[in-house]
Amino acid sequence: MRVKLKRIVSIANQKGGVGKTTTAINMAAAIATKGHKVLVIDLDPQGNASTGLGISPDNREYTAYDVLVDGIDINEAIIKTHVKNLSLITSNTDLSSADAELMNDKGRLIKLRNAIEKVKGFDYVFIDCPPSLNLLTINAFAASDSVLVPLQSEFYALEGLSQLILTVREVREALGTSLFIDGVVLTMFDKRVKLAQQVEVDVRDNLKDLVYKTIIPRTVRLSEAPSYGETILEYDASGRGAEAYVSLGAEFLRRDKVKQR
Ligand code: ATP
Ligand code: MG
């Protein structure tokens, strides 16, 4: 069955440094490599997804800021990456003032949603959210079908999750969408650390089927790849990081197919 055009997924967790961007770019690359047309939207003023996909700040002509605040045609902001089937809307520090600049704009919650409606020709859109439940993240949620939550395999993994779930519900109710949490993914998992194993047990006990079977291991390769502007599929194609993200991409597609039945 052909997938519905444009499944839109926010990659979000208001906790910083849990693996959102690493998951966004590498899972997107894995799915693009399978032949799906994928768009990554960098919605974080840090611009890490843009850097990680090899687009230096000088090469970001139109960014997510121009789309949200200046209202340029979103299609003008889409650029191709060096990965086949993978396109990107970049971001930079300009985006950090979007919240303030849109303050008096009545439609501020649905800027991205309205813009994305004009995007054609993609099977999947992944939005890399900033580490906050701010206006940018609300815009991502308002535009999305679902939210994928990376959880770092550490003691406080579940902390903040209830606030995130509440925000998802608020957006769904306020905007009348059918936004849901697609799942949570354990990241930076070190199997030698006993605590990590305990965290996995706790998270699976608490969240059951919401938790992806695939676990992303902690590997230094995943942290090195962005500094070369490469995805893990290029930087270390035969390593554990690439294997994990290929597996995560496949699991995402399987789950997505089941939901469409
Ligand atoms: P932020 O909240 O700042 O946007 P984030 O949630 O997007 O952060 P990442 O940038 O993906 O998190 O990851 C944080 C740091 O950890 C980065 O330096 C990244 O390279 C590294 N990292 C991410 N995943 C792994 C992993 N599985 N193994 C080792 N290092 C990782
Ligand atoms: Mg990030």
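Provided above is the structure to which this section pertains.
Residues numbered from 1 in each chain as written. Chains lettered and ligands numbered in written order. Predicted model: local features only at pLDDT ≥ 70, side-chain atom pairs only at ≥ 80, totals over all residues. Heavy atoms only, no water.

### A short note on the pattern of salt bridges
Part 1: According to the stated counting rule, one finds eight salt bridges in the structure shown.
Part 2: R255 is the partner of E251 in a salt bridge, and the nearest nitrogen-oxygen pair spans 3.9 Å. In this pair, E251 and R255 are both assigned in helix α11 (residues 240–260), four residues apart and thus about one turn of the helix distant.
Part 3: Note on R255: relative accessible area 18%, which makes it buried.
Part 4: Connected through shared salt-bridge partners, R221, E224 and D236 make up one network. (Salt bridge = Lys/Arg side-chain N within 4 Å of Asp/Glu carboxyl O. Helix = DSSP H or I, 4+ residues; strand = E, 2+ residues; numbered from the N terminus. Buried < 20%, exposed > 50% of the residue type's maximum accessible area, 1.4 Å probe, protein only.)

### Some remarks on the site of ligand 1
Part 1: Contacts to ligand 1 come from 18 residues, most closely from G17, K20, T21, T22 and P217.
Part 2: The side chain of D44 places a nitrogen or oxygen atom 3.4 Å from an oxygen atom of ligand 1.
Part 3: When the free accessible area of ligand 1 is taken as 630 Å², the share hidden by the protein chains comes to 81%.
Part 4: Breaking the shell around ligand 1 down by element, the ones donating at least two residues are α1 (20–33) and α9 (220–224). (Near = heavy atom within 4 Å. Polar contact = N/O pair within 3.5 Å; in protein donor to acceptor, adjacent residues only side chain to side chain. Areas by Shrake-Rupley, 256 points an atom, 1.4 Å probe, with all protein chains shown as cover.)

### Points about the pairing of strand β7 (residues 180–187)
Part 1: Counting buried positions over the eight residues of β7 gives seven, a clear majority of the element.
Part 2: Once you follow strand β6 (residues 146–152) into helix α7 (residues 161–175) and on to β7, the crossover reads as right-handed. (Right-handed = clockwise from strand over helix to strand, strands pointing away.)

### Topic: the side chain of K15
Part 1: Residue placement: K15 occurs in the loop between β1 (7–11) and α1.
Part 2: Looking at K15, its side chain comes within polar contact range of the main-chain oxygen of Y156, at 3.0 Å.
Part 3: Those residues in contact with K15 that lie beyond four places of it in its chain are K20, P131, E154, Y156, A157 and E159. (Contact = heavy atoms within 4.5 Å.)

### Quick word on unusual backbone geometry
Part 1: Even without glycine at this site, N85 takes up a positive phi of about 70°.
Part 2: Relative to the helices and strands, N85 is located in the loop between β3 (79–80) and β4 (86–89).
Part 3: One non-glycine residue, K208, adopts positive backbone phi at about 50°.
Part 4: Tracing the sequence through the fold places K208 in the loop between α8 (194–207) and α9.
Part 5: Judged by relative accessible area, K208 falls into the exposed class, the value being 54%.

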